[in-house]
Amino acid sequence: MDKYYIGVDIGSISTKAVVIDSNNNIIASEYIWTEGSPIEATKKVVKTLKNILEKKKIKCNIYGIGTTGSARNLIGTVLNANVVKNEITAHAIGTLSVYPDVKTILEIGGQDSKLIILKNGIVVDYAMNTLCAAGTGAFLSSQAKRLGVNIEDLGNIALMSKNPSKIAARCTVFAESDLVHKAQIGHKKEDLIAGICNSVVHNYLNNLAKGKKIEDRVVFQGGVSKNVGVVEAFKRVLKTEVYVDTSSHLMGALGVAIISKNANKNGSKLDFNFDIDNIEFKTVGSQCSGCSNNCEIVSVYKDGILIDKMGGRCDKGNSLRKTI
Amino acid sequence: MKKKKYIVSFPRLGNYVYPIYNMLDRLVDHSMVDIMFPKSMSKNTIELGSNVSPDFVCLPFKYNMGNFIEVLENGANFLIQAGGGCRYGYYAEVQEQILRDLGYDFTYVSLLEPEGINVKKLYEKVRLLNLNLSFAKFAKEVILAIKAIELLDKVETYIRDNYMYEIKKGEFDKIHKDFIKNVSNISFIQDLIKLKKNVYKRLKLVKLLDKQSSKHIIKVGIIGELYTSMEPFSTFYLEKELASLGVKVKRYTTVTYLLFKKGKSIKKHIKYANKYIDYALGADGTESIAHTLELIEKGYDGIIHIKPFGCTPEINAIPILQKIAQENEIPIMYLTFDSQTSQTGIKTRLEAFYDMLVMKKNMKMETKCIEIGSKENRLNYDKQKYGFQN
């Protein structure tokens, strides 16, 4: 019987999930907005995966479940995953399975951006933005709203511009004041939008790529890679081809599915039920009073039974045995 | 009228609070002075501190302020600050002013002079707390404290070096805990010598893995600014986090180093790193460069550079470090800490850094020692999740 593996990437903005077979082919995939409730989003994607598999008449035996993304620990508990992995490793593994010769991965997501440098198929260096969300998807979507444009159309509008406005790249606040100012003195909308796309690229390169060599082949992924304006700006600035895979948004999920496959060495089937829609997962927040850190503890209940606690700095708060 | 009793306190820095507390306790005249042990670091400390500090001042300032407010609220009325290099040199004055503006009433003493340590002035300052203090007694207690700090650094370095090889987990933690308790309780140099013998005997008894057969252990060096290096709370226990992933950690910066080696070694460092630097970068910047080169020479797998947000000497060092990283093909991760840094973010980065080093090492050794996503990794994750005692 064929073995299948599930990878779920729960980001701040979107939730991605894939089912792969043992040759790393994507059998089913889904991509939806997280909308602030990772558990609900996970339920939805799992349901869709089930429907797709049923339509394809695949009887699915799950041998691995991996979670990644910022809600990976929570969803790891909910799905009882056998692997919980950070998104940097997951993205690298996923991309390598599609482009074995990749040397640079540019990734811009909803709230963070990453640069991963690879050599002979292994990660040798990476950078991730700290302290600031400038130049990420969140910036683009707030500016799209300000200009009254759909985020999906941003890229195509940018391509129409012949003379992009110069928008400060250092900081979102400066970029925004540049944008408002230039709009008020009569810059065209497409020029402004092209300017924003350029500013995202410059911000990214200034922040993350300092002192790092960007070499072919360059693969661009994350939600922002769907924006052709940003893709073109990268090509122009880096003076090289930038590859965007049609399933570029799924690379994290794909990667963690592959990792879960590798992790399940003895090859035992996992007890996984696609019908998690009927199961009630509840999270309860509380404050641990064990010391003056007052850690915020999140307790996860499955049908009323406590299955995990997380968020504490020590095991005082996280322990399932003791009540706090 | 009866004179008000002084209640003395001071800001925290790692485990150094214990020998410092012991020294003060032995120096002062207890009929007129009490010593208050500063509260443990917590989120509350940094919240209090950031509320009253200038936003762009660096992290140590904010932690110090938090420490001060916590002890002042508890009744302390005599504060001691160290003073010293870079912007830190001006902390004492600014902190005193802010606290006075907040309406606290206290005596404030900064131990070091801008030009460095002045023993005579230091003695005068300590005499405020004990009018009958003889210079001989003062000298004896200060030397005792310095020796205690030296021992503390030696023991902690030994534990850091061997933590990874411990077979029965928790033995080192226990020895360390007992040692800390004892080091805050010594009266004579003989006590210290006895303690040293005792602790080394216990340390040597800890069963370790054969170092030859554990070649695959990942080694990471920590370089950067001194406060974040020495106060584990400010970096969310970075070293312990790494140790829990199975990484051997090396760190140069200790109080012993700052007191005795730093001054002498700057020239040596510049000479050693002359391919990259011609002159000192200020504060700990020069060391960051020289130590990075040393770590590369010693075959370390990766380096983590830490600093508080806005630390100028370390920002100066970064472009040079980037060049070194590129030329020597060694990954350096830069972490910046501020009052709002998320612990999850740090964990994610450390985990990814670790995965990367494992992949690199496996490739280099052409053996698969630890596979990404293996059970071991999952176990490590569990260990992280369910925590370990800090």
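Residues numbered from 1 in each chain as written. Chains lettered and ligands numbered in written order. Predicted model: local features only at pLDDT ≥ 70, side-chain atom pairs only at ≥ 80, totals over all residues. Heavy atoms only, no water.

So, on to the packing of aromatic side chains. Residues and elements named next belong to chain B. A complete count under the given rule lists 21 aromatic pairs over all chains for this structure. For the ring pair Phe68 and Tyr108, a centre distance of 5.9 Å and an interplane angle of 65° mean the geometry is edge-to-face. Taken together, the positions of Phe68 in helix α3 (residues 59-73) and Tyr108 in strand β4 (residues 107-110) put the pair 40 residues apart, joining distant regions of the chain. Judged on exposure class, the residue Phe68 and its partner Tyr108 are both buried. Aromatic ring contacts, followed pair by pair, group Tyr63, Tyr227, Phe233 and Tyr237 into a single cluster. (Phe/Tyr/Trp six-rings, centres within 6.5 Å; stacked < 30°, edge-to-face > 60°. Helix = DSSP H or I, 4+ residues; strand = E, 2+ residues; numbered from the N terminus. Buried < 20%, exposed > 50% of the residue type's maximum accessible area, 1.4 Å probe, protein only.)

Listed as interface residues are 42 residues of chain A and, on the opposing side, 39 residues of chain B. Summed over the shared surface of chain A and chain B, the number is three salt bridges. Measuring nitrogen to oxygen at the nearest pair gives 3.8 Å for the salt bridge that ties Arg72 of chain A to Glu351 of chain B. Between the two partners, chain A and chain B, sit eight residue pairs in polar contact (both at pLDDT 80 or more). Contributions of two or more residues to the side of chain A that touches chain B are made by α2 (72-79), β5 (83-84), α3 (87-98), β8 (122-128), α9 (251-263) and α10 (315-318) of chain A. (Contact = heavy atoms within 4.5 Å. Salt bridge = Lys/Arg side-chain N within 4 Å of Asp/Glu carboxyl O. Polar contact = N/O pair within 3.5 Å; in protein donor to acceptor, adjacent residues only side chain to side chain.)

Right, let's get into the pairing of strand β9 (residues 218-221) of chain A. In regular strands, side chains alternate between the two faces of the sheet. Residue and element names in this part refer to chain A. Burial along β9 is two-sided: Val218 and Phe220 and Val219 and Gln221, pointing in opposite directions, are all buried. As paired strands, strand β6 (residues 104-108) and β9 are joined by four bridges and run parallel to one another. Across the sheet, the residue bridging to Ile105 is Val219, located in β9. As judged from the two bridges shared by β9 and strand β10 (residues 242-243), these two strands associate in the parallel manner. Within the sheet, the bridge partner assigned to Val219 lies in β10 and is Tyr243. A crossover links β9 with its parallel partner β10, the connecting element being helix α8 (residues 228-238), and its sense is right-handed. (Pairing = 2+ DSSP bridges. Right-handed = clockwise from strand over helix to strand, strands pointing away.)

For helix α1 (residues 38-55) of chain A, spanning 18 residues, the distance from its first C-alpha to its last is 26 Å, which sits close to the expected 26 Å at 1.5 Å a residue. Looking one or two residues past α1 of chain A, Lys57 of chain A carries a phi angle of roughly 55°, positive in sign. (Expected span 1.5 Å × (residues − 1).)

Residue and element names in this part refer to chain A. Contact geometry of α3 with α9 gives a least axis separation of 7 Å together with a crossing angle of 90°. Looking at the two axes, α3 sits roughly perpendicular to α9. Residues Thr89, Ala90, His91, Ile93, Gly94, Thr95, Ser97 and Val98 of α3 pack against Met251, Gly252, Leu254, Gly255, Val256, Ile258 and Ile259 of α9. Of the residues belonging to the contact of α3 with α9, the class tally is eight nonpolar, seven polar and no charged. (Axes fitted to C-alpha atoms, helices over the stretch in contact; angles between N-to-C directions. Parallel < 35°, antiparallel > 145°, perpendicular 65-115°, else oblique. Nonpolar A, V, L, I, M, F, W, Y, C, P; charged D, E, K, R; others polar.)

All names here are of chain A. Domain annotation for chain A reports domain 1 (4-92 + 253-277), domain 2 (101-244) and domain 3 (281-318). Computed from C-alpha atoms alone, the centre-to-centre distance between domain 1 and domain 2 is 28 Å. Between domain 1 and domain 2, the residue contacts involve six residues of the former and twelve residues of the latter. The junction of domain 1 with domain 2 conceals about 780 Å² of combined surface from both sides, 73% of it contributed by carbon and sulfur atoms. Taken as a group, Ile88, His91 and Ala92 account for 64% of the area that domain 1 buries against domain 2, more than any other trio of residues on that side. Scanning the region where domain 1 abuts domain 2 turns up zero salt bridges. (Domains from an automatic or database assignment. Buried area = accessible area lost by both parts, 1.4 Å probe.)

Quick look at the sheet that holds strand β11 (residues 281-287) of chain A now. Residue and element names in this part refer to chain A. Spatial ordering of the open sheet is given by β11-β12-β13, a layout of three strands whose pairing is antiparallel. This sheet does not close on itself; its edge strands, each paired only once, are β11 and β13 (305-310). Strand-to-strand twist across the sheet, computed as the mean angle between neighbouring axes with direction ignored, equals 25°. Bridge analysis of strand β12 (residues 296-302) against β13 gives five bridges, and the strand direction is antiparallel. By the bridge assignment, Val300 is partnered in β13 with Asp308. The strands that α2 touches are β11, β12 and β13; relative to β13, the one it contacts most, it runs at about 155°.

The subject of this paragraph is a positive patch on the surface. Residues and elements named next belong to chain B. Among the surface-exposed residues, Lys154, Lys196, Lys261, Lys264 and Lys268 lie close enough to one another that they form a single positively charged patch. Top contributing element to the positive patch by residue count: helix α11 (residues 255-272), with three residues. Relative to the assigned elements, Lys196 resides in helix α8 (residues 189-205). (Patch = residues over 30% accessible without salt bridge, like charges linked within 9 Å, V, L, I, M, F, W, Y side chains within 5 Å. Areas by Shrake-Rupley, 256 points an atom, 1.4 Å probe, with all protein chains shown as cover. Lys, Arg positive; Asp, Glu negative; His and termini not counted. Charge placed at Lys NZ, Arg CZ, Asp CG, Glu CD.)

Residue and element names in this part refer to chain B. For α8, built from 17 residues, the straight-helix expectation of 24 Å at 1.5 Å per residue is met to within 8% by its first-to-last C-alpha distance of 25 Å. Three or more residues of α8 are buried, namely Leu192, Leu195, Val199 and Leu203. Mapping the buried residues of α8 onto a view down its axis gives an arc of 65°, with all of them on the same face. Projecting away from the buried face of α8 at angles above 90 degrees are the exposed residues Gln190, Lys194, Lys197, Lys201, Lys204 and Leu205. (Arc of directions from axis to C-beta.)

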